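# Coordinate inspection notes
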Amino acid sequence: RLQAAAVLERLLQRIVEGHEWDTSLRPSASQLAALVGIVRRDEWPIRTDTRGTFRVLADAINLRVARVFALIAVGGVAPEGSRQHVARLASAAVQFLDEFSGTMFARGGLGSQKGGALADSDTHGLLLSGSAGVSHVLCTLGMFWACSTSVLASPGSDPIAPAGSAASGQSAVLEPGDVSNLLAATTRLASGDSLSNPAADLGAAGVLSAPCLLAVPLTASLLGLRPHAITASVPGPVRAVWPESLALVGEPSFVSFLERAQPGCAESWVTTWPRLLWYLGAADSATSGLILSFLLELAKKAAQSGSLHERLLGLACPLLVPFLGGRPGTGPDRGPPPLALLSARHSGPQGTVALLLPHFPKMSEPFVKLIVGLICRWSDVGTACDGKSGKELPPARLGDDCCELLLEAVLVGRPSLASELLPLRLRTALSVLCALPREPPLTAARAIRAECSALRLASTVADWLMQDCNLSGTGNASLGPEGRACLALQTLAWPLCKQALAAAPLLGPRVLCFMFFCSLRLPQGDPARAASEGALVDSPRHSLFGELFSALMLRDESCALHWRGSCGAIGKDSGVGAAAALTLPVFSFLNPEEGEQCGQQPEETLAQLRLCRIFLVAWMRIAGDAHRPAAYELLTKLCAQHLSSSLASGEEERADTTTKRRKVEEATSAAGERSHGDESGQSLVVLSACTALLQEAISYRNTHSLSTDGWGSLGLCRFGVCDRMASS
């Protein structure tokens, strides 16, 4: 019987696939009547003791015969005038699948092939057990769903199958009661029988069972998510159960039927998917990526307000929190979240999650904090000290593309809530800007990778602050784009920089790069048009020059032009690899003029040169095209004034060298001596930075042919400096 069922199944499969040489072997009306007689006499399905040795053999026969009946129903191989016979066979098969799906979980699945000891070597490959049996059941269910579209159409409405599809003109072979049995069987497989037994705790073994995993494509198709439109790679076992039969009839949506036929079934399907992601972890990145792709398609469908898809997404999103953030708690034993263990490629699971996040129905403060913590801890910034020093990458990490998209989703996300979320988003921007590894990076390459990642995130923050952060609701609706950009620079970007420097002074180079990113978003248009925006345009551009120079140049601990090494000094100067990080594409203007001579310079000198150029470009862009000569004059005078005062104080110190040394020896300890020496070294840092910046400013003037004819008469008071500086 097993061999006969297998041969008949393969033959009908080839006929359905369109092999012409098999058309002469189509079943006749008398043969269909004979099959109906087997069902009527209760010779099928075969009943056996669930614990007996015949169980696996009987299951294989029953499943293959059910597949034969499905092929007859969906494949159009039955002769004319045999609709009643086809309907009787289809009804019997669906009833068997409903019964079988219920007993499968009760008896612990389909068993193993060892139970079929009575089968010889020729038939051993025909047995269906484990995942092979589940795949067989799901494919059969998919066939019956494909031929049920004409039954499910509401009175007076169009059929579910699209016009012109293979099933749009097909007569019904299933009765409404059969479709209900079909839905019950599908739900048991897809949700681990949790719908019929809500109190049951499936756990990892239940959720990761073959039925729950393999039923995802079928249930996604029934929900109208169109699996064949998914571009994610499909694992082999899942490809075997792909709903090809539903694709042949246009992948119809059964959402309206599901809502009225069995409330809660669609919810049980979709809420299983986040749990699958959690329990899969890093075991199967391809399957996780496929499930995330279905959730993304669900999110797109949820845009229709009040739809079942919207409700399903609202149920699934909270269940994704453990997958995104990992186990709750902050102890040292807390491992990485499953998301950080998956592929970091842009087209992989992490990229899909980043695309899914903007569709979340609500961005609550705890959830935003979770996402920010995820970025800061598991980006290349936070993982620079993870793993072993011999490894290029840590064992768990989020890719740069994923981190940028996640941050963008938090900062930009739902424009309707922009004003409500502005304080939270500003705190997010500050946290990301100040991100550092818990311990020093393991290698120079890790430090460089970390700072490159930090600068990419800083660029994303700058883009939001200067372009997407809507300030028109704060009483400045009359301002144009230029005015709003200047206002954002003064009221948002620069205060954020000051807070970052206060929280982590050693991040001066990163803060400088952030101001550079913000300056790139400033309009550089017609001066007359800029003047028409009113005083608020010039004020933000010019009033913070004094603060900018003081904060980034005159403070030893936060000097933006002081490079702090790549590996050896990282333990002391926490995680700054800005020198090599300045090779990002956005800094391409740094390299054209360096040439071979710069390439032969020490790394410290080259890093300072690059930072000087960044400072100059940001300085000039903040000033605006019309005020660059005055901005150049101001910068050179600020540098010269500080150098002059430092030299003057140096002369006074040398005059009192003998007296001071004697007093220090008498009144201070060895610790005091070390402190005095440190202060001298720190002043040299600022002197070196001012000297390098002054030299690069002169080169900038020569390169851009800035005019100095109006030197001393350009009105430097507009830049927020005193009259004495303007006349010096």
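Nothing here was measured: the structure is a model prediction, and the numbers come from that model. (Residues numbered from 1 in each chain as written. Predicted model: local features only at pLDDT ≥ 70, side-chain atom pairs only at ≥ 80, totals over all residues. Heavy atoms only, no water.)

A few words on the overall build of the protein. On a plain count of helices and strands, the protein comes out with 35 helices and zero strands. Across the 728 residues that make up the protein, the buried fraction comes to 50%. Considering only residue pairs separated by 6 or more positions, the protein has 77% of its internal contacts joining residues 24 or more positions apart. In the structure as shown, the protein presents an accessible area of about 32100 Å², 53% of it carried by carbon and sulfur atoms. (Helix = DSSP H or I, 4+ residues; strand = E, 2+ residues; numbered from the N terminus. Buried < 20%, exposed > 50% of the residue type's maximum accessible area, 1.4 Å probe, protein only. Contact = heavy atoms within 4.5 Å. Areas by Shrake-Rupley, 256 points an atom, 1.4 Å probe, with all protein chains shown as cover.)

The next subject is unusual backbone geometry. Residue Pro45 is bonded to the preceding Trp44 through a cis peptide linkage, with omega at 0°. A positive phi angle, near 60°, is found at Asp42, a position not held by glycine. The phi dihedral of Arg226 falls on the positive side, at around 50°, and the residue is not glycine. Tracing the sequence through the fold places Arg226 in the loop between helix 10 (216-222) and helix 11 (236-239). Arg226 sits in the partly exposed class, given a relative accessible area of 40%.

So, on to the nonpolar core. Grouped together as the largest cluster of nonpolar side chains are 203 residues, with contacts concentrated most on Phe144, Trp273, Phe514 and Trp619. Per-element accounting of this core gives the leading share, 13 residues, to helix 3 (residues 55-74). Residue contacts for Phe514: discarding those within four places in its chain leaves Leu433, Ala458, Val461, Ala462, Leu465, Ala493, Leu496 and Cys497. (Core = buried A, V, L, I, M, F, W, Y, C linked by side-chain atoms within 4.5 Å.)

Bringing the packing of aromatic side chains into the picture now. Enumeration over the complete set of coordinates arrives at twelve aromatic pairs. Between Phe360 and Phe367, the ring centres sit 5.1 Å apart and the planes meet at 20°, which makes this aromatic pair stacked. Judged by relative accessible area, which is 5%, Phe360 ranks as buried. The exposure class assigned to Phe367 is buried, which follows from its relative accessible area of 8%. By the ring-pair criterion, three or more aromatic residues cluster together here, those being Trp44, Phe69, Phe96 and Phe100. Of note, Arg239 hangs over the ring of Trp242, and the distance from its end group to the ring centre comes to 5.0 Å. Between the NZ or CZ atom of Arg377 and the centre of the ring of Trp378, over which it lies, the distance is 4.1 Å. (Phe/Tyr/Trp six-rings, centres within 6.5 Å; stacked < 30°, edge-to-face > 60°. Lys NZ or Arg CZ within 6 Å of the ring centre and 35° of its normal.)

What follows deals with the packing of helix 16 (residues 285-301) against helix 19 (residues 349-356). Think of two packed helices as two axes; the pair is described by the angle between the axes and how far apart they sit. Look at helix 16 against helix 19: their axes get within 9 Å of each other, and the N-to-C directions meet at 20°. The angle between helix 16 and helix 19 places the two elements in the roughly parallel class. Considering the relative orientation of helix 16 and helix 19, their crossing is left-handed. Note on element contacts: helix 19 touches helix 16 through Pro349, Thr352, Val353, Leu355 and Leu356, opposite Ser285, Gly289, Leu292, Ser293, Leu295, Leu296 and Ala299. Its residues assigned to classes, the contact of helix 16 with helix 19 shows eight nonpolar, four polar and no charged. (Axes fitted to C-alpha atoms, helices over the stretch in contact; angles between N-to-C directions. Parallel < 35°, antiparallel > 145°, perpendicular 65-115°, else oblique. Left-handed = near helix turned anticlockwise from the far one by under 90°. Nonpolar A, V, L, I, M, F, W, Y, C, P; charged D, E, K, R; others polar.)

Moving on, we come to the packing of helix 1 (residues 2-16) against helix 3. As a packed pair, helix 1 and helix 3 sit with axes 9 Å apart at the nearest point and diverge in direction by 25°. Here helix 1 lies roughly parallel to helix 3, going by the angle between them. Once helix 1 is placed against helix 3, the crossing between them reads as left-handed. Counted together, Leu2, Ala5, Ala6, Leu8, Glu9, Leu12, Gln13 and Val16 of helix 1 and Leu57, Ala60, Ile61, Arg64, Val65, Arg67, Val68, Leu71 and Ile72 of helix 3 form the full contact between these two elements. Partitioning the contact of helix 1 with helix 3 into residue classes produces 13 nonpolar, one polar and three charged.

For helix 17 (residues 308-319), spanning twelve residues, the distance from its first C-alpha to its last is 17 Å, which sits close to the expected 16 Å at 1.5 Å a residue. Taken together, the buried positions of helix 17 are occupied by Leu308, His309, Leu312, Leu313, Ala316 and Cys317. Buried residues of helix 17 fall within an arc of 160° about the axis and therefore sit on the same side. Next to the buried residues of helix 17 lie helix 13 (255-261), helix 14 (265-270), helix 15 (272-280), helix 16 and helix 18 (321-325). (Expected span 1.5 Å × (residues − 1). Arc of directions from axis to C-beta.)

Attention shifts here to the pattern of salt bridges. Applying the stated criterion to the full structure yields 25 salt bridges. Residue Arg226 is joined to Glu251 by a salt bridge in which the shortest nitrogen-to-oxygen separation is 3.9 Å. A residue pair is termed long-range when its members are at least 10 positions apart, and Arg226 in the loop between helix 10 and helix 11 and Glu251 in the loop between helix 12 (244-248) and helix 13 qualify at 25 residues. Arg449 is the salt-bridge partner of Glu392, the closest N and O atoms lying 3.2 Å from each other. (Salt bridge = Lys/Arg side-chain N within 4 Å of Asp/Glu carboxyl O.)

Before going further, it helps to examine the side chain of Glu251. Glu251 gets classed as buried once you look at its relative accessible area, which sits at 8%. Ignoring anything within four residues of it in the chain, the contact list for Glu251 reads Arg226, Pro227, His228 and Leu246.

With 23 residues, helix 24 (residues 481-503) should cover 33 Å at 1.5 Å per step; its first-to-last C-alpha distance of 31 Å lies within 8% of that length. Approximately 40° is the largest bend angle found in helix 24, and it occurs at Leu489. (Bend = angle between axes of the 7 residues up to and from the residue.)

Note that Gly264 resides in the loop between helix 13 and helix 14. The exposure class of Gly264 is partly exposed, given its relative accessible area of 23%. Distance in space between the C-alpha atoms of Gly264 and Thr187 is 9.8 Å, their sequence separation being 77 residues.

Turning our attention to the environment of Ile230. Turning to its location among the elements, Ile230 is positioned in the loop between helix 10 and helix 11. Residue classification places Ile230 among the buried positions, given a relative accessible area of 14%. Setting aside anything within four residues of it in sequence, one finds Ile230 in contact with Leu290, Ser293, Phe294 and Glu297.

In this section: the state of the cysteines. This model, assessed by the stated rule, comprises zero disulfides. Cys559 carries a free sulfur, and the closest cysteine sulfur to it, the one in Cys690, is 7.3 Å from it. (Disulfide = S-S within 2.5 Å.)

Take the side chain of Thr383 next. Within the secondary structure, Thr383 is located in the loop between helix 20 (365-378) and helix 21 (400-412). Contacts of Thr383, omitting those with residues within four sequence positions, involve Arg377, Trp378, Pro394, Ala396, Arg397 and Arg446.

With that settled, consider the environment of Ile291. Locating Ile291 in the fold gives a position in helix 16. Separated by 21 residues in sequence, Ile291 and Val270 place their C-alpha atoms 10.0 Å apart. The residues touching Ile291, leaving out its near neighbours within four places in the chain, are Val216, Trp273, Leu276, Leu277 and Leu280.

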